[in-house]
Amino acid sequence: MPMTQDPAATDPFDADLEDEDSAAPITVHLDESHCGTRLDKALSSLLPQYSRSRLQQWIEQGHVSIDGEPARAKATVFGDETVTVLPQLVESEQPFLPEPMTLAIVHEDATVLVIDKPAGLVVHPGPGNWSGTLLNGLLHHAPALAAVPRAGIVHRLDKDTTGLMVVAKTLAAQTDLVRQLQARSVQRDYLALVWGTTQPSGKIDAAIGRHPRDRLKMAVVDEESGKPAVTRYERLATGMLSRTPVSLVRCQLETGRTHQIRVHMQSVGFPLVGDNVYGKRHLASTFPRQALHACRLGLLHPRSGKPRAWSAALPPDMQALLADAGIAQPTP
């Protein structure tokens, strides 16, 4: 049975969802025929798949930029601009269908499902990714998840981040897990390879919000315009890649903001290897994705109340990357 989302039912989970990559941006180039036209009208002619009111809403919410700068709600264009639109999913309008998918299941019982997500898998459907997502696979694996908001998803990983995710199989379990996330009692450890030699350990306590100039990115911002975000890290080893020092760090999340580890580590001068959004672009070819893996997950089981923990070894591509850097494989 196709699943539709009730926004009222899903709002509580937004507090600590670590979003995967946002919807694929759409870039259009205006020409002289648009000179003197309001931006929303110009966009509605170029993007007829979206209503003008929807485009106006996205402009007001900051999801549209002109030549890299946030667009104004009633902007008039000159006709030579490049406009980028970040489409926003309206979940209540979208049916999500089950699709066969091989899932790397680490643990499953009647209450929760723990999977080891591979690189390249989008967690939740959205513009540009309406099918082939983890949510579609979950609905096929456990059809009863159609009755649970977001098919039981309570936290997310970026498309190219690998590792452990927990999925609730019942509404009661989902509510319990969300409360644990909001209480910051869920243990979420990641292994990341970063450029540079970090301090032996550290704590990054800095709010995260939309980048003030590039709405497709996140950034460390002031507390009024962002959400609280805390990452702790510990250096496990050092090595060399492309004649440049690198550090293997274990990061522990206290919060789960979009791109949190990637943004926090970049903000203190240690961007992730392979991160073509926040990393060193001249070294982007070193690794085809951000070198980030969710290696350990610990929580109180929603039914028994007892502590449970799971570990996942590094995927083969990160194992090879560490070998190239001369770093021994860590234990999960």
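The structure this text deals with has already been given above.
What counts and how
Residues numbered from 1 in each chain as written. Predicted model: local features only at pLDDT ≥ 70, side-chain atom pairs only at ≥ 80, totals over all residues. Heavy atoms only, no water. Helix = DSSP H or I, 4+ residues; strand = E, 2+ residues; numbered from the N terminus. Buried < 20%, exposed > 50% of the residue type's maximum accessible area, 1.4 Å probe, protein only. Contact = heavy atoms within 4.5 Å. Areas by Shrake-Rupley, 256 points an atom, 1.4 Å probe, with all protein chains shown as cover. Salt bridge = Lys/Arg side-chain N within 4 Å of Asp/Glu carboxyl O. Pairing = 2+ DSSP bridges. Axes fitted to C-alpha atoms, helices over the stretch in contact; angles between N-to-C directions. Parallel < 35°, antiparallel > 145°, perpendicular 65-115°, else oblique. Left-handed = near helix turned anticlockwise from the far one by under 90°.

Asker: If you had to explain the overall build of the protein to someone new, which residues and values would you point to?
Answerer: Looking only at helices and strands, the protein has seven helices and 15 strands in total. Across the 332 residues in the protein, those meeting the buried criterion constitute 51%. The long-range share in the protein, meaning contacts at least 24 apart out of those at least 6 apart in sequence, stands at 67%. Summed over all atoms, the accessible surface of the protein reaches about 14800 Å², with 50% contributed by carbon and sulfur.

Asker: Can you lay out the pattern of salt bridges for me, pointing to particular residues and giving the numbers?
Answerer: One side chain can pair with another of opposite charge once the charged atoms of both are near each other. A complete count under the given rule lists seven salt bridges for this structure. Taking the shortest distance from any N to any O, the salt bridge between Arg-232 and Glu-254 comes out at 2.6 Å. Within this pair, whereas Arg-232 is found in strand S12 (residues 230-241), its partner Glu-254 is found in the loop between strand S13 (244-253) and helix H6 (260-267), the two being separated by 22 residues in sequence. Look at the salt bridges and you will find they share partners, linking Arg-38, Asp-40 and Arg-52 into a network.

Asker: Pulling in residues and values, what's your account of the pairing of strand S8 (residues 187-195)?
Answerer: The side chains of a regular strand alternate between the sheet's two faces. Taken across its nine residues, S8 has eight buried, putting it largely inside the fold. Across eight bridges, S8 lies against S13 in antiparallel orientation. Directly across from Asp-189, in S13, lies its bridge partner Gln-252.

Asker: Got a sec to walk through unusual backbone geometry? Specific residues and values, please.
Answerer: If you check the backbone angles, Asp-67 has positive phi at about 50° while not being a glycine. For Asp-67, the position within the fold is in the loop between strand S2 (64-66) and strand S3 (69-70). A positive phi angle, near 60°, is found at Arg-150, a position not held by glycine. Here Arg-150 is to be found in the loop between helix H4 (134-141) and strand S7 (162-168). We classify Arg-150 as buried; its relative accessible area is 2%.

Asker: Any details on the sheet that holds S2? Residues and values, ideally.
Answerer: Taken together, the four strands give an open sheet; going across it, the order is S1-S4-S2-S3, and neighbouring strands pair in antiparallel fashion. Pairing within the sheet leaves two strands with one partner each, and these edge strands are strand S1 (26-29) and S3. As paired elements, S2 and S3 share two bridges and run antiparallel to each other. Bridging across to S3, Ser-65 finds its partner in Pro-70.

Asker: Could you give me a rundown of the packing of helix H2 (residues 39-46) against helix H3 (residues 52-60), with the residues and numbers involved?
Answerer: Relative orientation and spacing of two packed helices are given, respectively, by the angle between their axes and the distance between those axes. Where H2 contacts H3, the axes come no closer than 9 Å and their chain directions differ by 130°. By the angle class used here, H2 and H3 are oblique. Here the hand of the crossing between H2 and H3 comes out right-handed. Each of Leu-39, Asp-40, Lys-41, Leu-43 and Ser-44 in H2 lies in contact with H3, whose residues at this interface are Arg-52, Leu-55, Gln-56 and Ile-59.

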